[in-house]
Amino acid sequence: MEEFVMTCTACRNQCEMRGKAEKGEVVELLGNGCMRGLARASERAKQMEHIDKNE
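As a starting point, this report considers the structure included with it. Just so we're clear, the structure is a prediction, and the values are computed from it rather than from any experiment.

What counts, and where the lines are drawn
- Residues numbered from 1 in each chain as written.
- Predicted model: local features only at pLDDT ≥ 70, side-chain atom pairs only at ≥ 80, totals over all residues.
- Heavy atoms only, no water.
- Pairing = 2+ DSSP bridges.
- Helix = DSSP H or I, 4+ residues; strand = E, 2+ residues; numbered from the N terminus.
- Buried < 20%, exposed > 50% of the residue type's maximum accessible area, 1.4 Å probe, protein only.
- Core = buried A, V, L, I, M, F, W, Y, C linked by side-chain atoms within 4.5 Å.
- Contact = heavy atoms within 4.5 Å.

Section: the pairing of strand β3 (residues 25–30)
The pairing of strand β2 (residues 16–22) with β3 spans five bridges and is classified as antiparallel. If you follow E22 over to β3, its bridge partner there is E25. Hairpin connection from β2 to β3: two residues lie between these consecutive antiparallel strands, with K23 at a positive phi of about 55 degrees.

Some details on unusual backbone geometry
Although it is not a glycine, Q14 adopts a positive phi angle of roughly 55 degrees. Of note, Q14 is situated in the loop between β1 (2–7) and β2. Even without being glycine, K23 reaches a positive phi, approximately 55 degrees. According to the relative accessible area criterion, K23 is exposed, its value standing at 70%.

Things to note about the nonpolar core
Within the largest apolar cluster, 10 residues are counted, these being F4, M6, C8, C15, M17, A21, L29, A41, A45 and M48. Residue assignment for this core shows that the elements contributing at least two residues are β1, β2 and α1 (35–54). In terms of residue count, the dominant contributor to this core is α1 (three residues). In this view, M6 contacts C15, E16, M17, R40, A41 and R44; residues no more than four positions away in its chain are not counted.

So far we have only geometry, and geometry alone does not tell us how the molecule works.
Below, the structure written as structure tokens:
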């Protein structure tokens, strides 16, 4: 399980989010102010999984 910290840029709130991802899926997310944050975190989790597979 990988932990991540990111600033969401999906809307003007610019939420600071912390989460955990496993196998390219978000399993825990804190700090998102709207559902767009969850969508951004899901994109990030998929990117992290892709990078891990290529190493």
